[in-house]
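Letter by letter, the chains look like this.
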Amino acid sequence: MTKATDLLTAYDNLDWDVYIALSEDLTHINEVQIDDELSKQATLFSYYSGLYEYAKRDSEITEVELTKCQAEARIKGQAECEAAGTRPTVAVLDSFVNTDEFCAKITLSLIETKYKLGLLKSLMQSLSHKKDCLIQLSANQRDEKKIYS
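Note that this is a predicted model, so its numbers are computed, not measured. (Residues numbered from 1 in each chain as written. Predicted model: local features only at pLDDT ≥ 70, side-chain atom pairs only at ≥ 80, totals over all residues. Heavy atoms only, no water.)

## Remarks on the state of the cysteines
So, point 1. According to the stated counting rule, one finds 1 disulfide in the structure shown.
So, point 2. C103 provides the cysteine sulfur closest to C81, a residue in no disulfide bond, and the two sulfurs are 16 Å apart. (Disulfide = S-S within 2.5 Å.)

Right, here's the structure in full:
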């Protein structure tokens, strides 16, 4: 498996438990190998930044699908109202949208994609925080070397 495949698999399976495991793994700092940690930091951030953009795209596509579904449900509702000889009010058309099963499924899908998007954003913030910690630890190590030199 490639790194890209691994990341996409992690994204597909992303839930609270996976998030916790990723958080612990990504934010762990090996204080003995600060230089190695620093050299890998940009790559890790880049991976999850790209995955965040992937999730953002999924979310935006789902939003477009939901808007289309809602419009179709409103058109269907308007046609049914006109066929029945009733006035298609906003409330009546909203009820068509709210009771449409396909719109409900897309809404749940949108909630899930936004949830994953939020988790990835949190992972990126954690990686940014880790970078700050690594920089400080590296500076502390340099200062200690100066003291004992």
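## Topic: a nonpolar patch on the surface
So, point 1. Taken together, the side chains of W16, I20 and Y115 make up a nonpolar region of the molecular surface, amounting to roughly 290 Å² of accessible area.
So, point 2. Following the sequence through the fold, Y115 ends up in helix α5 (residues 101–148).
So, point 3. Look at Y115 and you get partly exposed, because its relative accessible area is 35%. (Patch = residues over 30% accessible without salt bridge, like charges linked within 9 Å, V, L, I, M, F, W, Y side chains within 5 Å. Areas by Shrake-Rupley, 256 points an atom, 1.4 Å probe, with all protein chains shown as cover. Salt bridge = Lys/Arg side-chain N within 4 Å of Asp/Glu carboxyl O. Helix = DSSP H or I, 4+ residues; strand = E, 2+ residues; numbered from the N terminus. Buried < 20%, exposed > 50% of the residue type's maximum accessible area, 1.4 Å probe, protein only.)

## Quick look at the packing of aromatic side chains
So, point 1. The full count for this structure, using the stated rule, is 2 aromatic pairs.
So, point 2. Seen in terms of ring centroids, Y11 and Y54 are 5.3 Å apart; in terms of plane orientation they differ by 85°. Their pairing is edge-to-face. Within this pair, whereas Y11 is found in helix α1 (residues 3–12), its partner Y54 is found in helix α3 (residues 34–84), the two being separated by 43 residues in sequence.
So, point 3. Above the ring of Y11, the side-chain terminus of K116 is found at 4.9 Å from the ring centroid. (Phe/Tyr/Trp six-rings, centres within 6.5 Å; stacked < 30°, edge-to-face > 60°. Lys NZ or Arg CZ within 6 Å of the ring centre and 35° of its normal.)

## Let's talk about the packing of α1 against α3
Angle between the axes and distance between the axes: these two values describe a pair of packed helices.
So, point 1. Remark: α1 packs on α3, axes separated minimally by 11 Å, with the N-to-C direction vectors making an angle of 50°. Between α1 and α3, the angle falls in the class oblique. Two packed elements cross with a definite hand, and for α1 against α3 that hand is right-handed. Across the interface between the two elements, K3, L7, L8 and Y11 of α1 pack against Y47, Y48, L51, Y54, A55 and D58 of α3.
So, point 2. Split into classes, the residues belonging to the contact of α1 with α3 amount to 8 nonpolar, no polar and 2 charged. (Axes fitted to C-alpha atoms, helices over the stretch in contact; angles between N-to-C directions. Parallel < 35°, antiparallel > 145°, perpendicular 65-115°, else oblique. Left-handed = near helix turned anticlockwise from the far one by under 90°. Contact = heavy atoms within 4.5 Å. Nonpolar A, V, L, I, M, F, W, Y, C, P; charged D, E, K, R; others polar.)

## Some thoughts on the environment of E101
So, point 1. Within the element layout of this structure, E101 appears in helix α5.
So, point 2. We classify E101 as exposed; its relative accessible area is 63%.
So, point 3. For E101 and E80, which are 21 residues apart along the polypeptide, the C-alpha to C-alpha distance reads 17 Å.

## Some details on the packing of α3 against helix α4 (residues 90–99)
So, point 1. Between α3 and α4, the shortest axis-to-axis distance is 8 Å and the interhelical angle comes to 125°. Overall, the two elements α3 and α4 adopt an arrangement that is oblique. Note that α3 runs across α4; the crossing there is right-handed. On α4, the residues touching Q70, A73, R74, G77, Q78, E80 and C81 of α3 are V90, V92, L93, D94, F96 and V97.
So, point 2. Taken together, the residues of the contact of α3 with α4 break down into 7 nonpolar, 3 polar and 3 charged.

In short, shape yes, function no, at least from these values alone.
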